[in-house]
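The lines below spell out each chain.
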Amino acid sequence: MRAAAGSVSTGETRIVVSVASRKNLFILGGGLVILVALAFFPVFGSLAWTRRLVDFFLFLALAQFWNLLLGYGGIISVGQQGYIGMGCYALWFFADVLHVPLFLAVILAGLSGAIIAVPSAALVFKLRGGYLAIGTMVLAEMYRMIVSNIEATGGGSGVTIQAATEFGNESRVSGTYWWALAAAVIAIAAVYYTMRSRTGLALKAVRDDDLAAESSGVNLWRTRMYTFVIAGAGCALVGGILAISLLRIQPASVFAINWSAYMVFISVIGGLGTIEGPIIGAVIFFVLRETTSGYGGWYFIALGVVAVIVPVWNLGGIYGFVAKRTKFFVFPLRRKVKILGDGPGQAEPATQEEVSA
Amino acid sequence: MEWVNSAVQGILLGGLYALFATGLAIVFGIMRLTNLAHGDFTILPAYLALVLVGAIGLNPFYSIPISMAIMFMVGYLLQRSLLNRLVGSKIAIGVIVTFGLSMVIQNGLLLGYGPNSQGLDAGKIENMSIRISENLSIGWLPLIIFLTAVVVISGLQLFLVHTRMGGAFRAVSDDHQAARLMGINTKHIYAVAMGVALGIIVIGGTMMGIRTTFDPLLGNQRLIFAFEAVIIGGMGSGWGTLIGGVILGLAQTVGAQILGPAWSIFAGHAIFVIILAVRPQGLLARTVLAKGVAS
C-alpha cells in the first residue's frame, strides 16, 4: 500500500498517480492495532465469544473468496460448499489417517481444495452463462455423494476428528480461533494482492467486458482458472478449520447448499466487487444470525428476500451505496489520477477508472 | 431380464426429466436467464395438487389444468414484475435473484408443510401395468408420463414453428433488440414464455408427485436433473432434451443396477460429466432456441 505510485510531468501540468491516500494509511495503522487486539482475544475473552468469533471469521473468509470469484472474476458459483466439505474431509484424512499434526493439516486441506479445483474448473468453464453456476452445484453434489457413499469416510453419519478431541477444549478453541483469524486475513490479503497484480487488472477487464479483454491479449481461461483455484483453496482451508471447530463432520451439513446462501447474502448485502462489502456483510450476517436464527425458516426467507431485492433494484449493497457517494475505499484498488497543473482552470483532483458493479 | 427392465424404467423416467428440462431450456433460450428456482417450481405444483386434492377431493390428474392456469399466472406476473428488470443486466444477477427466490420457496414450503415426504394418490392407475413377459412389465403410470412428455415436447415444437406467438419467441431468442424494432412487445413475450415454462413444469411436477414422494428440499436435485438433461441433449434442441432426459434416466437406473442403488444419481452425474468433457455442445445441439450467445 504505497502512498504514491508515480508521477509524470507533461509540460505544464503534473500528473500524480496514487493508489492509497493518507487517510488509507491511518486506517491501515488502526486496522493493525485492531488485528493485534483480536489476536489476543482468546487470552482474555470468554470461550463462548471466542467460538462465535471463529464463525464470524470463517464466514468473512468464505464471503471474500466468493466475492473474488464473482465480484472480480465474473464466475458465479453456487457450489463452493463442495470445497468446504472436501476441506473438512481432507483435514480428517491428513490428521486422523496420516497423523499429520492437526493445525498443520489445515494447510494441506487448503492445498487439496486447490487440486480439486483444477479439473473442476476445466469442466465447468465449458458451460455457458449462468449454466456454469448449476455446473458447480452438480460437482459439489458429486463430492458429497462420494464421501457419503464410501464406508471409509463414515458414510452419511460422518466422522469424528479424533486428533482434535485429543486437545483440551480450551486450547482447541484457541487454536481454531487463531486459524480462523488467519483465514480471514489471508482471504483479504489474497484478494487485495490479486487485485493489485497484473492478474487483477486482467480480472477487472474480464469482468467489465470479457470479449474486449480477450482481444487485448488477456488469457481469459487462465485468468478465470487462477481465480477458481484460489477460491477453491480458500474454501477448503475454511473447511479444514471448520472441521476442527465442529469436531464431528457430517456430509449433509458440511456440503449443505446453505453455505452458498450465506456467501451470496454476505456479498450481496455488503457490496459485490469490493473488499469492504463482505466485511460489512459479514457483520450484518453475524448479528442477524445471533439474533434471529432461532426463527428457522423465516431467517432463511429473509436471506433469500435480500438476495432477490438488492440486485433487482440495482443496489450495489451497503458499501456500493457508500462508495458511490464518498468515493472512498478503505482498501484502495483503483489508481487515482491527480492533475496538479498550472494549466487553464484544471486544479481539482479527478478520480478515474470507473468500476461497474 | 433385469437389465431390460431397468433400461425400460430408465427410458420412461427420462421422459419426466425431459419435461423438467424443457421449462429450464425455454427460460434460458428466450430470456438468457438461468433459473435456479426452476427445481422448486417443479415442487410447487405437487403441493398445489395436494391442496386441491384436500380441498375438493380432486384426483391429482385433474388438478393439472387448474395448477397450469395458476402457475402460468404466477410465471407471467413474476416475469413482468420482477425478472424483466434483469433483462440486459449481467448473467450473474439473474442467478443470484433466482437463487434467492429458490430459498424463499424452499423455506416457505418447509414452514407450511414441514420437512416430511408427501405423496399424491391417483387411485388404481398407480398399480396397473402391462405385462409383457414373466419378468418384464411396464407400469401404466410411467408409460402415461413418458407419452405425455413426448406429446408436450412435440406440441412445443409445433407451437414454436407454426404459431405467431412461437415465431415471436424465436425472434426474441435470436435477437431481442431487433425483435423489439419489429414491433414485438418483448416484455410481454418474456412474461408469456415464463408462464409457458411454469405451465409445462406443472405437468412434470404433478406427475412426479403421483409417481413418487416429494418434500420441500428436493428442488435443487430436480434443477440438476433438468440441467443435466439439457446439457446432455444439447442446448436449444427440443428432441435433444428428450434424448438427454432418456440418457440421464437410463444412466440412473442402469447405474443403480451395476453399482447399487446408492450410486444411482451419482451415475447420472457421471454421464453428464463425461458428455460435458467430450462433447460440451451436447449430443443434438442447435435447433430452434440454440443460438444463445450467453456469457
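Nothing here was measured: the structure is a model prediction, and the numbers come from that model. (Residues numbered from 1 in each chain as written. Chains lettered and ligands numbered in written order. Predicted model: local features only at pLDDT ≥ 70, side-chain atom pairs only at ≥ 80, totals over all residues.)

## Quick notes on the packing of helix H3 (residues 47-72) of chain A against helix H8 (residues 169-196) of chain A
Residue and element names in this part refer to chain A.
Item 1. Taken N-terminus to C-terminus, the directions of H3 and H8 make an angle of 20°; their axes are 8 Å apart at the nearest point. The orientation of H3 relative to H8 falls into the category roughly parallel. In terms of crossing hand, the pair formed by H3 and H8 is left-handed.
Item 2. A class-by-class count of the residues in the contact of H3 with H8 yields 20 nonpolar, five polar and two charged. (Axes fitted to C-alpha atoms, helices over the stretch in contact; angles between N-to-C directions. Helix = DSSP H or I, 4+ residues; strand = E, 2+ residues; numbered from the N terminus. Parallel < 35°, antiparallel > 145°, perpendicular 65-115°, else oblique. Left-handed = near helix turned anticlockwise from the far one by under 90°. Nonpolar A, V, L, I, M, F, W, Y, C, P; charged D, E, K, R; others polar.)

## Regarding the interface of chain B and chain A
Item 1. Across the boundary between the two partners, chain B contributes 39 residues, which contact 32 residues of chain A.
Item 2. The dominant element in the side of chain B that touches chain A, judged by the number of residues it contributes, is helix H4 (residues 91-113) of chain B, at 16 residues.
Item 3. Counted by class, the side of chain B that touches chain A contains 28 nonpolar, nine polar and two charged residues. (Contact = placed C-beta atoms within 7 Å.)

## Overview of the environment of Leu-38 of chain A
Item 1. Assignment of secondary structure puts Leu-38 of chain A in helix H1 (residues 22-39).
Item 2. C-alpha of Leu-38 of chain A to C-alpha of Ile-76 of chain A: the two residues are 38 residues apart in sequence and 32 Å apart in space.

## Digging into the environment of Leu-12 of chain B
Residues and elements named next belong to chain B.
Item 1. As for its placement among the helices and strands, Leu-12 is situated in helix H1 (residues 2-31).
Item 2. Owing to 23 C-beta atoms within 10 Å, Leu-12 belongs among the buried residues under this scheme.
Item 3. Note: C-alpha distance between Leu-12 and Val-254 (242 residues apart in sequence) is 13 Å.
Item 4. Ignoring any residue separated from it by four or fewer positions in sequence, one finds Leu-12 in contact with Pro-142, Leu-143, Ile-145 and Phe-146. (Buried ≥ 20, exposed ≤ 12 C-beta atoms within 10 Å, placed from the backbone.)

## Topic: helix H5 (residues 140-162) of chain B
Residue and element names in this part refer to chain B.
Item 1. Given a rise of 1.5 Å per residue, 23 residues ought to cover 33 Å, and the 32 Å separating the end C-alpha atoms of H5 matches this to within 8%.
Item 2. Ile-145, Phe-146, Ala-149, Val-152, Ile-153, Leu-156 and Leu-160 are the residues of H5 that are buried.
Item 3. Those residues of H5 that are buried lie in contact with H1, helix H6 (164-174), helix H8 (186-211) and helix H10 (238-259). (Expected span 1.5 Å × (residues − 1).)

## Let's talk about helix H15 (residues 297-312) of chain A
Item 1. If you check H15 of chain A, its first and last C-alpha atoms are 23 Å apart, about what 16 residues at 1.5 Å a residue would give, namely 22 Å.
Item 2. Taken as a whole, H15 of chain A has its buried residues at Phe-300, Ile-301, Leu-303, Gly-304, Val-306, Ala-307, Val-308, Val-310, Pro-311 and Val-312 of chain A.

## Re the packing of helix H14 (residues 276-292) of chain A against helix H16 (residues 317-326) of chain A
Residues and elements named next belong to chain A.
Item 1. Taken N-terminus to C-terminus, the directions of H14 and H16 make an angle of 130°; their axes are 7 Å apart at the nearest point. As far as their axial angle goes, H16 and H14 are oblique. By crossing handedness, the relation of H14 to H16 is classed as right-handed. Counting all contacts with H14, which are made through Glu-276, Gly-277 and Ile-280, the residues of H16 involved are Gly-317, Ile-318, Tyr-319 and Gly-320.
Item 2. The class makeup of the residues in the contact of H14 with H16 is three nonpolar, three polar and one charged.

## Comments concerning the confidence of the model for chain A
All names here are of chain A.
Item 1. Per-residue confidence for chain A averages 86 on the pLDDT scale, and 90% of its residues sit at or above 70.
Item 2. Low pLDDT (under 50) marks residues 1-5, which in the prediction has 15 contacts with non-local residues, meaning those over four places away or in another chain.
Item 3. Predicted confidence for residues 343-357 stays below pLDDT 50, and this span has 20 contacts to residues more than four positions away or in other chains. (pLDDT = per-residue confidence, 0-100.)

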